[in-house]
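# Summary of structural features
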Amino acid sequence: MKVLIVDDNRDITGLLSKFLKAKGFDNVVTNDPRDGLERIKEQKFDIVLLDISMPEFSGIDIIQTLETENILKDQKIVIFSATAFTTSQINDLLKKEGIQGCLKKPIQLNELLTAITS
Amino acid sequence: MNINTKLVILFLCIALIPIMILEGISISEISDDLFLQKQVALDSSLISKITDIEHYFDTRHTQTKLFASTFFPFQLDSNKIKNPSTLDKIQIHIDSMLVETRSNALNNFGDNDSKSSIEIIFFSDINGNIIASTQRELIGHKLPNDFSTGSDRQKILFAGLQKNRIFSSNYVTFSEDIKDLDNNKIGLVSIQTSLNAIEPENLRDGLENNHEIFLVDNASRQITSDSSLKYNTQNWNLESRLIDRCFMGDIISEQYINKDGREVLGIMKLLEEGNLCIVGEIELEKVFSPVYDLQFKLFTVFLFLFAGVVLLAFFFSKSISYPIKKLSITMNEIRKGNFNVKLETKPHSSSNELDQLTNGFEKLLQYVKSTQDNLKGLVKVQTRKLEDSNRALTENMNLIKKQQEDLSNFKEALDKSANVLITDTDGSIIYVNDDFCKVSKFSREELLGENPKIVSSYYHNKEFFKNMWETILAGKTWKGDIKNKAKDNSYYWSKATISPLLGDDGKPEQFIAILTDITNQKILEEKLSEALKNVKESELQKEEFSSMMTHELNTPLVPIKGYCEMLKDTDTFGHLNDDQVDFIIKIESNATLLERLISDLLDVQKLDMKKMSFLITEFSLDEFMDEIKENNRYIMKNKKIDFSVKYPKNIMLNTDKQRLRQVLDNLIRNSVDFVPSNQGKISVEAELKEQNIIFAVHDNGPGIPKEKQLSIFKKFYQIDTSATRKHGGTGLGLVICKGIAEGLNGKILLESEVGKGTSFFIHLPIPEKKMIVEEMTKSKK
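What you are looking at is a predicted structure, and each value in this text was computed from that prediction instead of being measured.

Before going further, it helps to spend a moment on the overall build of chain B. Scanning chain B for helices and strands turns up 21 helices and 21 strands. A buried classification covers 41% of the 781 residues belonging to chain B. The contacts in chain B between residues at least 6 apart in sequence include a share of 58% that link residues at least 24 apart. With the model as given, the accessible surface of chain B reaches about 45700 Å², and the carbon-plus-sulfur share is 55%.

Before going further, it helps to examine the overall build of chain A. The helix and strand inventory of chain A stands at five helices and five strands. For chain A, the α and β elements follow one another from N to C terminus as β-α-β-α-β-α-β-α-β-α. For chain A, the residues scored as buried account for 53% of the 118 residues in total. When contacts within chain A are restricted to residue pairs at least 6 apart in sequence, those whose partners lie at least 24 apart make up 62%. A total accessible area of about 5300 Å² is found for chain A, and carbon and sulfur atoms account for 43% of it.

This brings us to the interface of chain A and chain B. Taken together, the contact pairs 25 residues of chain A with 24 residues of chain B. The interface formed by chain A and chain B contains one salt bridge. Between Lys23(A) and Asp569(B) there is a salt bridge, and its shortest N-O distance comes to 2.7 Å. Summed over the shared surface of chain A and chain B, the number is five residue pairs in polar contact (both at pLDDT 80 or more). Sorting elements by how many residues they give to the side of chain A that touches chain B places helix α1 (residues 10-22) of chain A first, with seven residues. Considering only residue class, the side of chain A that touches chain B consists of ten nonpolar, nine polar and six charged.

Residue and element names in this part refer to chain B. Structurally, the position occupied by isoleucine 736 is in helix α20 (residues 733-743). For the pair isoleucine 736 and asparagine 666, spaced 70 residues apart in sequence, the C-alpha separation works out to 9.0 Å. Here isoleucine 736 is in contact with Asp600, Asp603, Val604, Leu607 and Gln662, once residues within four sequence places are set aside.

Right, let's talk about the nonpolar core for a bit. All names here are of chain B. Counting residues in hydrophobic clusters, the biggest one holds 43 residues, and the most contacted among them are Leu621, Met625 and Phe695. Mapped by element, the contributors of at least two residues to this core are α17 (621-638), β16 (642-646), α18 (657-674), β18 (681-689), β19 (692-699), α20, β20 (747-753) and β21 (757-765). The element best represented in this core is α18, accounting for six residues. In terms of nonpolar packing, the next biggest core, distinct from the first, is built from 41 residues, Phe67, Leu76, Val189 and Leu265 among them.

So, on to the sheet that holds strand β14 (residues 508-517) of chain B. Paired through backbone hydrogen bonds, the strands of a sheet run either parallel or antiparallel to each other. All names here are of chain B. Here we have five strands laid out as an open sheet, ordered β11-β10-β14-β13-β12, and antiparallel in their pairing. If you trace the sheet from one side to the other, it starts and ends with β11 (429-432) and β12 (478-485), each paired once. On average, adjacent strands in this sheet sit at an angle of 30 degrees to one another, irrespective of strand direction. Summarising the sheet, strand β13 (residues 491-502) and β14 pair through nine bridges and their orientation is antiparallel. Bridge pairing in β14 links serine 499 to isoleucine 512. Along the sheet, helix α13 (residues 462-473) contacts β12, β13 and β14; its crossing angle with β12, the most-contacted strand, is approximately 135 degrees. Where helix α14 (residues 519-568) meets the sheet, its contacts fall on β12, β13 and β14, and the angle it forms with β13 comes to roughly 125 degrees.

To continue, consider the pattern of salt bridges. Residue and element names in this part refer to chain B. Within this structure, the stated rule accounts for 26 salt bridges over all chains. With its nearest N and O atoms 2.8 Å apart, the salt bridge here joins lysine 561 to glutamate 595. Here lysine 561, found in helix α14, pairs with glutamate 595, found in helix α16 (residues 578-608); they are 34 residues apart in sequence, far enough to count as distant. Here lysine 561 falls in the buried class, since its relative accessible area comes to 2%. Of the charged contacts in the structure, one is a salt bridge between glutamate 742 and lysine 738, with a shortest N-O distance of 3.5 Å. With glutamate 742 and lysine 738 both in helix α20 and four residues apart, this pair spans about one turn of that helix.

Before going further, it helps to examine helix α9 (residues 289-336) of chain B. Residue and element names in this part refer to chain B. Its axis deflected by about 40 degrees at lysine 318, α9 carries its strongest bend there. Along α9, the residues that are buried comprise Val291, Phe302, Val309, Ala313, Ser317, Ser321, Pro323, Leu327, Thr330 and Ile334. Where α9 ends, the next residue or the one after it, glycine 337, has phi of about 105 degrees, a positive value.

This brings us to the packing of aromatic side chains. All names here are of chain B. Applying the stated rule across the entire model yields eight aromatic pairs over all chains. With 5.2 Å between their ring centres and 80 degrees between their planes, tyrosine 459 and tryptophan 493 make a pair best called edge-to-face. Separated by 34 residues along the polypeptide, tyrosine 459 in the loop between α12 (444-447) and α13 and tryptophan 493 in strand β13 bring together distant segments of the chain. On the basis of an interplanar angle of 90 degrees and a centroid distance of 5.4 Å, the ring pair of phenylalanine 464 and tryptophan 478 is categorised as edge-to-face. You can see phenylalanine 464 sitting in helix α13 and its partner tryptophan 478 sitting in strand β12, a full 14 residues away along the chain. Pairwise contacts between aromatic rings join Phe464, Phe465 and Trp478 into one cluster. A cation sits over an aromatic face here: lysine 483 above tyrosine 491, 4.8 Å from the ring centre.

All names here are of chain B. Interaxial distance between α17 and α18 falls to 11 Å at its minimum, and their mutual angle equals 30 degrees. Relative to α18, the element α17 lies roughly parallel. Considering how the two elements wind past one another, α17 and α18 form a crossing that is right-handed. Contact with α17, carried on its side by Phe624, Glu627, Ile628, Asn631, Asn632, Ile635 and Met636, involves Lys657, Leu660, Arg661, Leu664, Asp665, Ile668 and Val672 of α18 and no other residues of that element. Here the residues of the contact of α17 with α18 sort into eight nonpolar, two polar and four charged.

A separate point is the side chain of Ser499(B). Residue and element names in this part refer to chain B. Looking at where serine 499 falls in the secondary structure, it is placed in strand β13. Side-chain polar atoms of serine 499 contact the side chain of threonine 477, separated by 3.2 Å. When residues no more than four places from it in sequence are discounted, the contact partners of serine 499 are Thr477, Gln510, Phe511 and Ile512.

Our next topic: unusual backbone geometry. Residues and elements named next belong to chain B. Of note, tyrosine 458 is a non-glycine position whose phi angle comes to about 55 degrees, a positive value. Along the chain, tyrosine 458 falls in the loop between α12 and α13. On the basis of relative accessible area, tyrosine 458 is assigned to the exposed category, the value being 65%. Located in the positive-phi region is asparagine 489, a residue other than glycine, with phi close to 65 degrees. With respect to the element layout, asparagine 489 can be found in the loop between β12 and β13. A residue is classified by how much of its surface remains accessible, and asparagine 489, at 51% relative accessible area, is exposed.

Let us now look at the pairing of strand β7 (residues 252-257) of chain B. Residues and elements named next belong to chain B. Pairing geometry for β7 and strand β8 (residues 263-270), over six bridges, is antiparallel. Note on β8: the bridge partner recorded for tyrosine 256 is valine 264. The hairpin formed by β7 and β8 contains five residues between the paired strands, and glycine 261 there has a positive phi angle of roughly 85 degrees.

Moving on, we get to the side chain of Asp622(B). All names here are of chain B. Positionally, aspartate 622 belongs in helix α17. The buried charged residue aspartate 622 lacks any salt bridge, with lysine 649 as its nearest oppositely charged partner at 4.9 Å. Of note is the side chain of aspartate 622, whose polar atom sits 3.1 Å from the backbone nitrogen of asparagine 650. Excluding its chain neighbours within four sequence positions, the residues that come into contact with aspartate 622 are Tyr647, Pro648, Lys649, Asn650 and Ile651.

A word on the packing of helix α2 (residues 33-42) of chain A against helix α3 (residues 59-68) of chain A. The relative placement of two packed helices comes down to the angle between their axes together with the axis-to-axis distance. Residues and elements named next belong to chain A. Where α2 contacts α3, the two axes come as close as 10 Å, and the packing angle between them is 30 degrees. The orientation of α2 relative to α3 falls into the category roughly parallel. Viewed along their axes, α2 and α3 form a crossing whose handedness is right-handed. Residue-level inspection shows Pro33, Leu37, Ile40 and Lys41 of α2 in contact with α3, the latter providing Ile62, Thr65 and Leu66. In the contact of α2 with α3, the residues fall into five nonpolar, one polar and one charged.

Here is what the cut-offs are and how they apply
- Residues numbered from 1 in each chain as written.
- Chains lettered and ligands numbered in written order.
- Predicted model: local features only at pLDDT ≥ 70, side-chain atom pairs only at ≥ 80, totals over all residues.
- Heavy atoms only, no water.
- Helix = DSSP H or I, 4+ residues; strand = E, 2+ residues; numbered from the N terminus.
- Buried < 20%, exposed > 50% of the residue type's maximum accessible area, 1.4 Å probe, protein only.
- Contact = heavy atoms within 4.5 Å.
- Areas by Shrake-Rupley, 256 points an atom, 1.4 Å probe, with all protein chains shown as cover.
- Salt bridge = Lys/Arg side-chain N within 4 Å of Asp/Glu carboxyl O.
- Polar contact = N/O pair within 3.5 Å; in protein donor to acceptor, adjacent residues only side chain to side chain.
- Nonpolar A, V, L, I, M, F, W, Y, C, P; charged D, E, K, R; others polar.
- Core = buried A, V, L, I, M, F, W, Y, C linked by side-chain atoms within 4.5 Å.
- Pairing = 2+ DSSP bridges.
- Axes fitted to C-alpha atoms, helices over the stretch in contact; angles between N-to-C directions.
- Bend = angle between axes of the 7 residues up to and from the residue.
- Phe/Tyr/Trp six-rings, centres within 6.5 Å; stacked < 30°, edge-to-face > 60°.
- Lys NZ or Arg CZ within 6 Å of the ring centre and 35° of its normal.
- Parallel < 35°, antiparallel > 145°, perpendicular 65-115°, else oblique.
- Left-handed = near helix turned anticlockwise from the far one by under 90°.
- Lys, Arg positive; Asp, Glu negative; His and termini not counted.

Here it is, written out as structure tokens:
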């Protein structure tokens, strides 16, 4: 199982990468949202962990791009956000096909595990 | 003059005028006849009296001559007379003569009464000295000269001998010369006799008693008993003149006013002696008394006639004029509008033209009356209408008046309170009030005739003015705020009301702008809008800030909590000693607290700004409650709390699951903190009640005092504020719970008693239909 982790925060990507690795998940980490988008376009991941709040190019931008390019529906994505998870933008995202769920920062690792495995 | 009067006058003329003419003629003729008759009677009376008097005088003269002749035997001469013996003889002679006369036939004269007898005989010498007399007192008196020396014819002396009482009475004296042998006059013998015979009373004898006859001597003295006193010629000019003419030989027969002031017919004649005039007078009143009698009788008859004629005329005229007058009165009444007058109608058969006229008029009146009654009804209706409209008009007038007053008051008020500008349709200013000048800082002279653009600030765009002109040219009122520029280039704001003043043709003739200075208001508004903008910006910034802060604060917590979790996962990441595990747990729990604090702050802020949004989803109550049970199992076990969950099965809810969870978690967490450490008891129950689902969280904690129950929903409120408090909450939990419950159209209630625990209830509404439908779908699955 191959997981892509997209977050501008290296500490977070580091934590998640180590945790998933320890739990036996192959994962690729990128701290650049555009790079993340390119990787999704290049290769289908079993699951993408996508941070919403990123400078310059946000998780929302990535999702919208994927949607316009008709890739979103084929890609499982779990988003996570530090901002309030009930904002209308997040709610809109959750309605889209492909978006598996939303995790609130700070992420409970066992919750993350549940989200990935389900 | 009415017909009645005319008729009476006509009758009088016809009946009385001839009578009056006849009477006039007859009376005048009768008068003339009577006058003539009386004149003749008077004349004849006079003639007879003249005869008497002249006879009397003749007799006395003859008697005197006779006496004179008796002295002849004495052969007297002028010397002998002076001899006393002769004088004695003479004296004796005259005495005897008097005696003889009185008894003699010589005295038989007239009516043989004593009045005409000789009273005195006296003898006087040639010088007129009385030397012998039958009345001795007279001896020594002197006779008047003319008497003693006069001719025969004038030897009659009437009463009036001077200073002799005896001579003063009505006597007449006749004298005759005594001559000697040589026929020389040596003396006079005189007899004096009473004048009674020719006195008026005697003269009147045998006359009609209305005749007055008397004698007048040549000195115009009436010969009466006191004649000299009675006749005053000066007072009697007319007769005196007539008497003068009479003495000159004329016979007078004329009408004059006599001495007593009476109108008389008088006849005057001269006696033969020449020194006496006889006057006969008859009062005209007496002459005409029969005429007057006649006149009186005629007048009486005339009066009766007059009365009769008047009555007759009245009767006739009444029979003619009464119906006419009645008609006239009736007409007058009708003219006044009284149609209820009654006419006395006569039978139709009456041949009287007036009755026919009355009947005809009565018919006409009846006709008019009926017509008028019809008209009256009509007029009444019309009048009422007219009155109504009149009243309405009056009211309108009053209204208009009041409006005019209001208008004038308004204008005054306007002029005082507002800036007023009037332009003509070309846009030239034709009027500005003082306030306008004051605000615009232009003088009136500078403004009049100018376009209002003179105060334009060029702040407004072209559309603004285009809209304004279109509005007012269409005859409507434009309202708006205008920024203008004063003469000194300062700006001012005016709230403007611009109205067209319409002419009779409905087209605008003038435009009146009423401007209120709102510069201060505008400044305030600008400040306010700026402040609002600032507030909005700051709110936006606040939101951005909190959003960012949450992100930034949460982000570091991710690795902290993540690594703590990984360290605890000893199976995966290797063993730690007990102390290390304890440390890790403390780090993690504090990180969790921090995370909650951040989250609560964010929620409270959202509630404050009413920005909290809810995600309504459909979910199963069973799953929801199971999750709660499962999630709290560990902590309850740790804290040895008797934790139970109770709920009805197969219920689908339609609400914000996460928020509901947040509320219950919050309440449970509070309970966990407050229940006793040994026998703590917490139960979470869900119950359907009517249209609500009620979630309850019960605990057996210390309870909340009544006085503090209201305050616990306030921000940052904690019952125990001591440093040693065991509850580590943020003080925001219940505020957020209340906000969420209300945000989901529900409510949160509290039941608590000190020492007996606390219960929180969350009521959320659920549509019944929805609930049932969900139940069915669930059961099908």
